[in-house]
Amino acid sequence: MASVVIISTSPVLVSDLLSQTILAISDTEHAAKEVLSQKENFGKFSTYLEDIKYILKEFLGQNVDHSKSLENAVEIINREIEVAKQLALECRKRNKIYLLIICRKIVKILEGSTKEISRALGLIPLASLDVSLDFKNQVSKLSKDMLDAVYWVNAAEEEVVKKIDLGIQSRTADRSYANHLLVQIAEAVGISPEQSELKKEFELFKREIEDATLRKDLAEAVQMEQIIRLLEKADATKSLEEKAKKYFEKRNPLGRQPLEPLNSFYCPITQAVMVDPVETTSGRTFERSALEKCFAEGNNLCPLTMIPLNTSVLRPNKTLRESIEEWKQRNTIISIASIKPKLQSSEEKEMLQSLCELQDICTERELHREWITMEDYIPVLAGLLSAKNREIRKHALFILFMLAKDSDDNKERIAKVDNALESIVHSLARQIDEGKLALQLLLELSRSNVVQDSIGTVHGCILLLVTMLSSVDIQAAKDAQELLENLSFLDQNVIQMAKANHFKPLLRLLSSGAENVRMVMAETLSEIELTDHYKLSIIKDGALRPLLQMLSHGDLEMKKVAVKALLQLSSLPQNGLQMIKEGAVEPLFELLYRHSLSSPTLREQVAATIMHLAVSTTLQEADQEQVLLLESEEDIFKLFSLISLTGPDIQRSILQTFHALCHSPNGFDIRMKLRQLSAVQVLVQLCEVDNDNHTVRANAVKLFHSLIEDGDESTFLEHVGQRCITTLLRIVNTRNDVEEIAAAMGIISKLPKDTQFNQWLVDAGAVQTIFECLADGNKDALHKWQVIENAVGALCRFTVSTNQEWQKRVAEAGIIPVLVQLLVSGTALTKQNAAISLKQFSQSSISLSKPMKKRGIFQCCLAAPETGCPVHLGICTVESSFCILEANALEPLVRMLGEPDLGSCEASLDALLTLIEDERLQSGSKVLAEANAIVPIIKLLSSPSEILQEKTLIALERIFRLVEFKQKYGTSAQMPLVDIAQRKNSHMKSLAAKVLAQLNVLGQQSSFF
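Residues numbered from 1 in each chain as written. Predicted model: local features only at pLDDT ≥ 70, side-chain atom pairs only at ≥ 80, totals over all residues. Heavy atoms only, no water.

1. Things to note about the overall build of the chain
Part 1 of the reasoning: When its secondary structure is counted, the chain shows 55 helices and three strands.
Part 2 of the reasoning: Scaling as 2.2 N^0.38, a compact globule of 1009 residues should have a C-alpha radius of gyration of about 30 Å, whereas the chain reaches 52 Å, well beyond that.
Part 3 of the reasoning: With respect to the principal axes defined by its C-alpha atoms, the chain has extents near 170 × 90 × 65 Å.
Part 4 of the reasoning: Classification of the 1009 residues of the chain by burial places 49% in the buried group.
Part 5 of the reasoning: Considering only residue pairs separated by 6 or more positions, the chain has 69% of its internal contacts joining residues 24 or more positions apart.
Part 6 of the reasoning: Summing over all exposed atoms, the chain offers an accessible surface of approximately 48,700 Å²; the carbon and sulfur share of this is 50%.
Part 7 of the reasoning: Between the centroid of the 113 positive side chains of the chain and the centroid of its 133 negative side chains there is a distance of 3 Å. (Helix = DSSP H or I, 4+ residues; strand = E, 2+ residues; numbered from the N terminus. Rg over C-alpha atoms; globule rule 2.2 N^0.38 Å. Buried < 20%, exposed > 50% of the residue type's maximum accessible area, 1.4 Å probe, protein only. Contact = heavy atoms within 4.5 Å. Areas by Shrake-Rupley, 256 points an atom, 1.4 Å probe, with all protein chains shown as cover. Lys, Arg positive; Asp, Glu negative; His and termini not counted. Charge placed at Lys NZ, Arg CZ, Asp CG, Glu CD.)

Structure, rendered in structure tokens:
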């Protein structure tokens, strides 16, 4: 920093002197404001100047008399102001690094000037001046404040200066230390940490030595030289070419053989080359640790001269230490140069030994790794990654990792080697120890912005990294996570991560990225295949909010990608419920009802999404607070009306929506309102339309079936005609959609048992269609059980005993054996309807059973006696008399009496009761007893169903008319009969009392009657 020379002038008037000083203060203030370095300290100094300027102006206004003391005070102020001004001007034009290094000196000058000005204020003869006491106090206070003023170097600058001092004093400061120091300097002085900017600033700093030399400031010049030598170790201060040139200038003169150490390098105590040589008071040099050991053992004599030593005085022998260091460096350079050819050997053992030696050299010092890089080892090491020997690959990975840590240049060198990144990624998939080394190397490489671009493009890399996230090795999982984070700066990498089921980066960009990025992420969510697990986790991790924001966005393209993503995610019912809760319904319906929308595909996707939401409502429990998709009758009407106004794809989705809603907890209300809106009429029309769009018809049939489950017959009588019935049967006969077939057959089963409907069904071949449904062996088809269940229900209308012609058609179609089989294998409802049909068949058996022919005397001798039906006492067959005994239905019917389903029990009991009607009582009861049916019938007295209990009482009243059965089974029936007689209504009591009277438990004149 240039010194300031003050030139004395001839005496002038006090007023002129004050005016000149005030102007000088203003100039200095202006110069101080332009200073960027030490801004706070210059600002503090300027504040004091402002106060001084005010005081001087007061003196000028008071026309104070001239005095020597005042003149001296003003001259001192003038001088120090000029010093501060020159300092500010110097700071404005000097290098930022230089100003940082002399920051303490700047602070010291400002502090000195402040105290000098304070002293000058003390020289003013305030007592003799005609000024107010207040003003005098102000001057005194300012003088004291400036005297006590302290200026500080800020913490960041102080830390950098200390680190520079430490780096100069320490002999271990390496490239890493210098790199970090240079970055700290950049942060402290406010320059870019980019290498080009750092190098530019460093070159400007180097010129400060010339200025120091010109000023003959030798101490400062020496300090600058030391700082430059320290900072020159940083990567940014030298180009690669400069570093390589310096290295080869040192390396080329060396031979191939290691240099022997000089004798002076050996410690006389340890006989080993010294590491920290120190000189004793005897003038001899020893290894510090060896000498300290001697002192600790009480030996204070010089090992060579035996002269007593001052143990507190051990001077580092810097010259010898530098010589030893130089010798070591030369030998290391020779070793590095000699190892390289061995790595290209065909002998694995030699290669491994050389790699171990190189790895040791590599880990010793950062400088060694720089030399290894200069020798162009990186392509050789990268080539070894494809070696067959795993240990060779592991050593190569570790050394490359060490080199990559040192600089971005090395990272880029590694990435530029052909197939290097591919080989590293290949190692990721190998055994765990090699995979971890490969992961460490990739993580280090990913810290280079240039290399980041290439890593994600390597085939399989991101997939392997995502797989490693679930590694049992905690560190490996952590490294994989960090590496994926580093790669997630590139949108394409984020997409690849999502395709590998790692969605965190995608969700982050979906939430906070730019609009075009959010669109890409939403598009990705809509296109990749997601399992239910990931669909659920994506919504839980926050995808819904940004997607709904995009759905409500004014831009149509934004809406499109949001809808596509919601369509995929809503296919999981749990997600659908969440979407309804968070407000997805309103914007979706707004798009669906926008008829002017130029994108029909968008409306189709919206309709499909709404259908998914409807399906999700079916998962709700009836006792929970319901989440509603359609909240009012108007909403239902508005959506259903769209069926007549849209194309087949939207029609299909709307039909599926209502089909799902009909099976939700509030399905009853939905079905009722749809029937009130004449939905059946629309659905019948859709069912009858004969076109190629079978999916619309199929969904119309399914919804129609849902609506008739609890509807009355008027629904059918008004809208269903012969054409509709023919269409339904054609669907059953020709379609492959088993669910559609089940729905069509379900509608048929629910048709009113009206003569006209029955005739239309018979004319359309319903009996044969039902038989084919029941006989179809494709038991694995989805919803096949529903087809059978509905077909058996539809069959009941054709087995009534009042129309034996229809019964005959059914029997000839071979349906009765199928019904018997269904008593065993069908659902509860199937069994119930099968038993009802068999009951209706059995009611006709007595009239259709053929009487047995009387046998003549010769027939008795020549032929075996003809066996008649044990119940009907005639000739019975399944086809002719529909006998349930001949059909082997007795055993499964008896078994059904013990089933938990009450409907099945009642239907089987009704069928069995046909065997003991009227004149068949004795024979039928005997057959029931042989089939072990009476005990299960008695157990039905304890059924929770009063109807079943009543029918059981009627059955037992008949059976117990026969003495043998009364005696055999009466006792077991008494207790449940007494319970009914005591607890039930009067009608039930009367029936139970009759049976109890038969059992002689009650008298015939009991009040129970």
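There is more to say, and it comes next.
2. Remarks on the sheet that holds strand S3 (residues 315–316)
Part 1 of the reasoning: Pairing is antiparallel in the open sheet, where three strands are placed in the order S2-S1-S3. The open sheet has two edge strands, strand S2 (285–287) and S3, and neither has a second partner.
Part 2 of the reasoning: Strand direction decides the pairing type here: strand S1 (residues 277–279) and S2, joined by three bridges, are antiparallel. Bridging across to S2, Glu279 finds its partner in Thr285. (Pairing = 2+ DSSP bridges.)

3. Concerning the nonpolar core
Nonpolar side chains in soluble globular proteins tend to be buried together.
Part 1 of the reasoning: Counting 176 residues, the largest nonpolar core has Leu525, Leu547, Leu629, Phe658, Leu674, Phe704 and Leu774 as the members making the most contacts within it.
Part 2 of the reasoning: Element by element, the count of residues in this core is highest for helix H40 (residues 738–750), at eight residues.
Part 3 of the reasoning: The residues touching Leu674, leaving out its near neighbours within four places in the chain, are Ile636, Phe640, Phe658, Cys662, Ala679, Leu703 and Leu707.
Part 4 of the reasoning: Membership of the second largest hydrophobic core comes to 74 residues, among which are Leu87, Val139, Val153 and Ala234. (Core = buried A, V, L, I, M, F, W, Y, C linked by side-chain atoms within 4.5 Å.)

4. Here we look at helix H42 (residues 766–775)
Part 1 of the reasoning: Most of H42 is tucked away: seven of the 10 residues are buried.
Part 2 of the reasoning: Taken together, the buried positions of H42 are occupied by Ala766, Val767, Thr769, Ile770, Phe771, Cys773 and Leu774.
Part 3 of the reasoning: Contacts made by the buried residues of H42 are with helix H39 (722–734), H40, helix H41 (755–763), helix H43 (784–795), helix H44 (804–812) and helix H45 (815–825).

5. Structural notes on the pattern of salt bridges
Part 1 of the reasoning: Within this structure, the stated rule accounts for 42 salt bridges.
Part 2 of the reasoning: Among the salt bridges present, the one from Glu116 reaches Arg79, with a minimum N-O distance of 3.2 Å. Pair noted here: Glu116 is in helix H5 (residues 103–123) and Arg79 is in helix H3 (residues 68–93), with a separation of 37 residues, a long-range link.
Part 3 of the reasoning: Given a relative accessible area of 25%, Glu116 falls into the partly exposed group.
Part 4 of the reasoning: Measuring nitrogen to oxygen at the nearest pair gives 2.7 Å for the salt bridge that ties Arg393 to Glu434. Of this pair, Arg393 sits in helix H17 (residues 390–406) while Glu434 is found in helix H20 (residues 432–445), placing the two residues 41 residues apart along the sequence. For the residue pair Arg393 and Glu434, the accessibility class agrees, reading buried in each case.
Part 5 of the reasoning: One network of salt bridges, with partners in common, ties together Asp408, Lys411, Glu444, Arg447 and Glu482. (Salt bridge = Lys/Arg side-chain N within 4 Å of Asp/Glu carboxyl O.)

6. Overview of the packing of aromatic side chains
Part 1 of the reasoning: Throughout the structure, instances matching the rule amount to 12 aromatic pairs.
Part 2 of the reasoning: Pairing Phe589 with Tyr593 gives two aromatic rings, centres 5.6 Å apart and planes at 15 degrees, and the pair type is stacked. Like Tyr593, Phe589 is buried.
Part 3 of the reasoning: Three or more aromatic residues link up through ring pairs in this structure, and these residues are Tyr247, Phe248 and Trp371. (Phe/Tyr/Trp six-rings, centres within 6.5 Å; stacked < 30°, edge-to-face > 60°.)

7. Looking at the packing of helix H19 (residues 420–428) against H20
Part 1 of the reasoning: The contact between H19 and H20 brings their axes to 7 Å, and the two run at 140 degrees. Considering their axes alone, H19 and H20 lie oblique with respect to each other. In the crossing of H19 with H20, the sense of the turn from one axis to the other is left-handed. Facing Leu421, Ile424, Val425, Ser427 and Leu428 of H19, the residues of H20 in contact are Glu434, Gly435, Ala438, Leu439, Leu441, Leu442 and Leu445. (Axes fitted to C-alpha atoms, helices over the stretch in contact; angles between N-to-C directions. Parallel < 35°, antiparallel > 145°, perpendicular 65-115°, else oblique. Left-handed = near helix turned anticlockwise from the far one by under 90°.)

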